[in-house]
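# Chains, contacts and geometry: an overview
These are the residues of each chain, in order.
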Amino acid sequence: MTTIVSNPLKGKHIVLGLTGGIACYKAAELCRSLIRQEATVQVVMTDSACQFMTPVTMQALSGNTVYANQWDARIHNNMAHIELSRAAHAILIAPCSTDFIAKLAHGHCDDLLSALCVARPAQVPLLIAPAMNVEMWQKPATQRNIRQLIDDNVRILGPGEGDQACGEVGLGRMLEPDQLIAEMLAAFTPKSLAGKRVLITAGPTFEPIDPVRGLTNLSSGKMGYAIAQAAYEAGADVQLISGPTALNTPYGCIRHQVQTAQQMHDAVFDRISKQDIFISVAAVADWRITNVSKQKLKKNTGDDFPKLTFEQNPDILAEVAALSRPPYCVGFAAESENLIKYSTIKRLKKNIPLLVGNIAQNTFGLNQNEIVLFDDKGHHSLPLADKTNLARQLIIEISHRI
Ligand code: PMT
């Protein structure tokens, strides 16, 4: 039985709180990104936030009335802190200033935003994205308040490190909108892989011919990176071994960059003994060139073409599956024909419990895919969908089997 999963943020009503700080400019993009994820957004701003960003901008972006005043009579019973917090699936304060952190830690409620945080029902999670100068972040009082908030079950997102608007450098930057979206997606995903360590290979490998040329394939890494993101959302500790791709490291995952199949093999075996699950999504070159030229090959006239000789690359997945105590192994097979027959044979040959088959022409480099899962019980399809969505479905399938 296949579980259809939708985007975890779809239909969620998020109260987005803005407090005073230059990072308010990022809240505009964050608001749009939440809406792109099919959430609805209710913006609430403090007086200080209104110095950095106008409610008009946030109202235009969210499509909802922005509230900034505890005594706003537009809420019918004049109890905005109650009404707004009861309607929320989560409250996200981004940016969250030093002062607002202090208020939250001490339960103050002398403005609308702090009052609705204190008034929120127990099941409504509160997430904050601190944003402040590095010295303000490091002050013992701020750190004391942060520890208090962690004890109170408030989720602290970030802060990031780097250049600050004030010209100083260090911890205190608000996370970027796409990082906060990744955190919000994770916050609404059941933790089906909590405590599990997952190693994933993704992308193509590149086998050199000379210093500038090589053999590779059309894998973009999209499928493997989406699975890494979905595993993180599900609570796993994720490491990604990636061939050359143009993609950003999925938020929350550790990425190790490799080029050749042998490097991918070595990177996998450096880590495999500590893994619970191994998902081999990479399109690994089966052969490598033995007579790699140290210098760039020259173009000769006539038919004097370079003569390349090959040898077999290690089969990483088969070697992992053959370990005396292997992690739970998931393989992939991209076939251009006879998907059912070839995938069935490949799973048995590699001796793995789960194999994901896909049609090569319909997946390499594309955003969507259609996959067939093969295990001891037979096979079943997950229909055409975005790779992000398929990855989430696959993680659920894996979590049911381990
Ligand atoms: O990256 P995208 O553009 O999103 O495309 C996704 C994908 C097509 C790369 C992915 O969905 C996929 O199908 N990956 C496997 C590609 C493939 O054809 O693998 P294979 O049939 O050569 O190998 C079978 C399995 O053994 C794979 O799990 C592979 O990672 C593994 N293998 C193969 C050879 C080798 N030397 N070592 C391996 O570990």
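Every value quoted in this text rests on a predicted model; they were computed, and no experiment measured them.

### Focus: the pairing of strand S3 (residues 90-96)
- Burial within S3 is extensive, with seven of its seven residues counted as buried.
- Taking every second residue as pointing to the same face, both faces of S3 are buried, with Ala90, Leu92, Ala94 and Cys96 on one and Ile91, Ile93 and Pro95 on the other.
- Direction of pairing for strand S1 (residues 13-18) relative to S3: parallel, over a ladder of four bridges. Within S3, the position partnered with isoleucine 14 by the bridge is alanine 90.
- Two strands pair when backbone bridges link them, and S3 and strand S4 (residues 126-130) are joined in this way by four bridges, in the parallel orientation. The residue bridging isoleucine 93 from the neighbouring strand is isoleucine 128, located in S4.

### Some words on the site of the ligand
- Neighbouring residues of the ligand: 27 residues in total, closest Ser219, Ser280, Ala282, Lys346 and Gly365.
- A distance of 2.7 Å separates an oxygen atom of the ligand from a polar atom in the side chain of lysine 387.
- The dominant element in the shell around the ligand, judged by the number of residues it contributes, is strand S16 (residues 328-335), at four residues.
- A per-class count over the shell around the ligand returns 13 nonpolar, eight polar and six charged.

### A look at a nonpolar patch on the surface
- Where nonpolar side chains cluster on the molecular surface, the patch consists of Leu215, Trp287, Leu308 and Phe310 and spans about 380 Å² of accessible area.
- On the secondary structure map, tryptophan 287 appears in strand S14 (residues 287-289).

### Considering the pattern of salt bridges
- Counted under the stated rule, the structure contains 18 salt bridges.
- Where arginine 197 meets aspartate 276, a salt bridge forms, and the shortest distance between an N and an O atom there is 3.8 Å. With a gap of 79 residues between them, arginine 197 in strand S8 (residues 197-202) and aspartate 276 in the loop between helix H11 (261-271) and strand S13 (277-280) connect regions that are remote in the sequence.
- Notably, a salt bridge pairs glutamate 311 with arginine 288, separated by 2.9 Å at the nearest N-O pair. Within this pair, whereas glutamate 311 is found in strand S15 (residues 310-312), its partner arginine 288 is found in strand S14, the two being separated by 23 residues in sequence.

### Brief notes about the environment of glutamine 37
- Summarising the element assignment, glutamine 37 is placed in the loop between helix H1 (24-36) and strand S2 (40-45).
- Owing to a relative accessible area of 19%, glutamine 37 belongs among the buried residues under this scheme.
- Between the C-alpha atoms of glutamine 37 and lysine 12, which are 25 residues apart in sequence, the distance is 9.4 Å.
- Not counting chain neighbours up to four residues away, the residues in contact with glutamine 37 comprise Asn7, Leu9, Lys10, Ile181 and Leu185.

### A few points about the packing of H1 against helix H9 (residues 177-187)
- Axis separation between H1 and H9 bottoms out at 9 Å; the angle between their running directions is 45 degrees. Comparing the axis directions of H1 and H9 gives the class oblique. Helix-helix and strand crossings are classified by hand; for H1 and H9 the assignment is right-handed. On H9, the residues that touch Lys26, Glu29, Leu30, Ser33 and Leu34 of H1 are Pro177, Leu180, Ile181 and Met184.
- Within the contact of H1 with H9, the residues separate by chemical class into six nonpolar, one polar and two charged.

### Some remarks on the packing of helix H5 (residues 98-106) against helix H6 (residues 112-119)
- Their axes nearest at 10 Å, the elements H5 and H6 cross at an angle of 35 degrees. H5 and H6 meet at a crossing whose hand is right-handed. In this structure, H5 uses Phe100, Lys103 and Leu104 to contact H6, whose residues at the interface are Leu113, Ser114 and Cys117.

### What to know about the domain arrangement of the chain
- The domain architecture assigned to the chain consists of domain 1 (13-187) and domain 2 (197-401).
- Summarising the inter-unit geometry, the C-alpha centres of domain 1 and domain 2 are found 40 Å apart.
- Residue-level contacts link six residues of domain 1 with five residues of domain 2.
- Carbon and sulfur atoms make up 59% of the surface buried where domain 1 meets domain 2, a total of about 490 Å² over both sides.
- Looking only at domain 1, the three residues that lose the most surface to domain 2 are Ala182, Leu185 and Ala186, adding up to 61% of its buried area.
- Run the count over domain 1 and domain 2 and you get zero salt bridges.
- Our count for the domain 1 to domain 2 interface comes out at one residue pair in polar contact (both at pLDDT 80 or more).
- Residue classes in the side of domain 1 that touches domain 2 are distributed as four nonpolar, one polar and one charged.

### Thoughts on the packing of aromatic side chains
- One pass over the structure, following the stated rule, counts one aromatic pair.
- Taken together, a centroid distance of 6.0 Å and an interplanar angle of 90 degrees make the contact between tyrosine 232 and tyrosine 251 edge-to-face. Taken together, the residues span a long stretch of sequence, with tyrosine 232 in helix H10 (residues 222-233) and tyrosine 251 in the loop between strand S11 (237-242) and strand S12 (254-257) at a distance of 19 residues.
- Taking the relative accessible area as the measure of exposure, tyrosine 232 reaches 19% and is therefore buried.

### Describing the state of the cysteines
- All chains considered together, the criterion is met by zero disulfides.
- The closest cysteine sulfur to the non-disulfide-bonded cysteine 24 is located on cysteine 50, 8.5 Å from its own sulfur.

### Structural notes on the environment of methionine 184
- When you line up the elements, methionine 184 lands in helix H9.
- The spacing of methionine 184 and tyrosine 251 is 67 residues in sequence and 11 Å in space, taken between C-alpha atoms.
- Ignoring any residue separated from it by four or fewer positions in sequence, one finds methionine 184 in contact with Leu9, Ile14, Leu34, Ala90, Leu92 and Leu127.

About the criteria used
Residues numbered from 1 in each chain as written. Predicted model: local features only at pLDDT ≥ 70, side-chain atom pairs only at ≥ 80, totals over all residues. Heavy atoms only, no water. Buried < 20%, exposed > 50% of the residue type's maximum accessible area, 1.4 Å probe, protein only. Helix = DSSP H or I, 4+ residues; strand = E, 2+ residues; numbered from the N terminus. Pairing = 2+ DSSP bridges. Near = heavy atom within 4 Å. Polar contact = N/O pair within 3.5 Å; in protein donor to acceptor, adjacent residues only side chain to side chain. Nonpolar A, V, L, I, M, F, W, Y, C, P; charged D, E, K, R; others polar. Patch = residues over 30% accessible without salt bridge, like charges linked within 9 Å, V, L, I, M, F, W, Y side chains within 5 Å. Areas by Shrake-Rupley, 256 points an atom, 1.4 Å probe, with all protein chains shown as cover. Salt bridge = Lys/Arg side-chain N within 4 Å of Asp/Glu carboxyl O. Contact = heavy atoms within 4.5 Å. Axes fitted to C-alpha atoms, helices over the stretch in contact; angles between N-to-C directions. Parallel < 35°, antiparallel > 145°, perpendicular 65-115°, else oblique. Left-handed = near helix turned anticlockwise from the far one by under 90°. Domains from an automatic or database assignment. Buried area = accessible area lost by both parts, 1.4 Å probe. Phe/Tyr/Trp six-rings, centres within 6.5 Å; stacked < 30°, edge-to-face > 60°. Disulfide = S-S within 2.5 Å.

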